[in-house]
Amino acid sequence: MGSLLRSLSGVRWGELRDAKGAVAGGIPPLLSRIAYGDGDVARIAIDDLGDVICALGFVVGEATAPTVPFLLELAGSPRVACKTELLGLLGSIYQTGQWHSAASTTRDRKHDASYRQQTDWETASRTAVYAGRSVIEGVASSVRPEEATPARKLLQMMDDTPPFPEL
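Draft legend 1. Layout of the side chain of S142. Among the secondary structure elements, S142 is positioned in the loop between helix 7 (133–140) and helix 8 (145–160). For S142, a relative accessible area of 18% translates into the label buried. Separated by 2.9 Å, the side chain of S142 and the backbone nitrogen of R144 make a polar contact. Beyond its immediate stretch of four places on either side in the chain, S142 contacts E147, A148 and R152.

Draft legend 2. Looking closely at helix 7. Of the positions making up helix 7, those classed as buried are R133, I136, V139 and A140. An end-on view of helix 7 places all buried positions within 120 degrees of arc, on one side of the element.

Draft legend 3. Region of the structure containing the environment of L90. The topology assignment puts L90 in helix 4 (residues 83–95). Of the residues examined, L90 reaches a relative accessible area of 0% and is grouped as buried. Taking the C-alpha atoms as reference, L90 lies 9.3 Å from G50; in sequence the two are 40 residues apart. Once residues within four sequence positions are removed from consideration, L90 is found in contact with V68, L71, L72, V129 and L154.

Draft legend 4. Layout of the packing of aromatic side chains. Counted under the stated rule, the structure contains one aromatic pair. Taken together, a centroid distance of 6.1 Å and an interplanar angle of 50 degrees make the contact between W13 and F70 tilted. Of the two residues, W13 sits in the segment before helix 1 (27–36) while F70 sits in helix 3 (residues 64–76), which places them 57 residues apart along the sequence. Taken individually, W13 and F70 each receive the classification buried, so the pair is uniform in this respect. Over the ring of Y94 we find R126, and its NZ or CZ is 5.1 Å from the ring centre.

Draft legend 5. How the structure looks around the nonpolar core. Core analysis: the biggest nonpolar cluster contains 44 residues, and I27, L31, I34, L49, L71, L74 and I93 have the highest contact counts within it. Going through the elements one at a time, helix 1, helix 2 (39–53), helix 3, helix 4, helix 6 (112–131), helix 7 and helix 8 are the ones with two or more residues in this core. Here L49 is in contact with I27, L30, L31, I34, C54, T67, L71 and L89, once residues within four sequence places are set aside.

Draft legend 6. Molecular detail of unusual backbone geometry. Unlike most non-glycine residues, L5 shows phi in positive territory, near 65 degrees. By secondary structure assignment, the location of L5 is in the segment before helix 1. When its relative accessible area of 1% is taken as the criterion, L5 is described as buried. For L56, which is not a glycine, the phi torsion comes out positive at approximately 60 degrees.

Thresholds applied
Residues numbered from 1 in each chain as written. Predicted model: local features only at pLDDT ≥ 70, side-chain atom pairs only at ≥ 80, totals over all residues. Heavy atoms only, no water. Helix = DSSP H or I, 4+ residues; strand = E, 2+ residues; numbered from the N terminus. Buried < 20%, exposed > 50% of the residue type's maximum accessible area, 1.4 Å probe, protein only. Polar contact = N/O pair within 3.5 Å; in protein donor to acceptor, adjacent residues only side chain to side chain. Contact = heavy atoms within 4.5 Å. Arc of directions from axis to C-beta. Phe/Tyr/Trp six-rings, centres within 6.5 Å; stacked < 30°, edge-to-face > 60°. Lys NZ or Arg CZ within 6 Å of the ring centre and 35° of its normal. Core = buried A, V, L, I, M, F, W, Y, C linked by side-chain atoms within 4.5 Å.

Such coordinate-based values are descriptive only and should not be taken to indicate function.
Here it is as structure tokens:
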């Protein structure tokens, strides 16, 4: 695979489900296209990846959190194109919270258990993005404004986003 994405094969993608409920086996090829494709190929792969790990821009799945470290690795690499799009996808993942919102507003406690798995995915995904804060800070210090500006926006979002409500 090259120097990027070396640990990609260490994830059991076939045992994970994406945000649409499908087996997550298509994620590694998309990450590889982002890492090694030209700008157009990488943009299409980021868009396709967004559809499977952050569907509709706000629904994460079981495979989202394991994918985030690879997105951060790509965003921090000087050779990878489309940092703006990668940072945008990381921002969408960080902002997800629909299941937490639904679980906190339900009055019928018997439904709370049905949200547990999805809220866990949201928490794990947000935590994974936050764990890469140093990578995002590195991109934010870039002399290239097309990289630094979206990274600074993501950092600001991370600072401004309140924690998930207690369930």
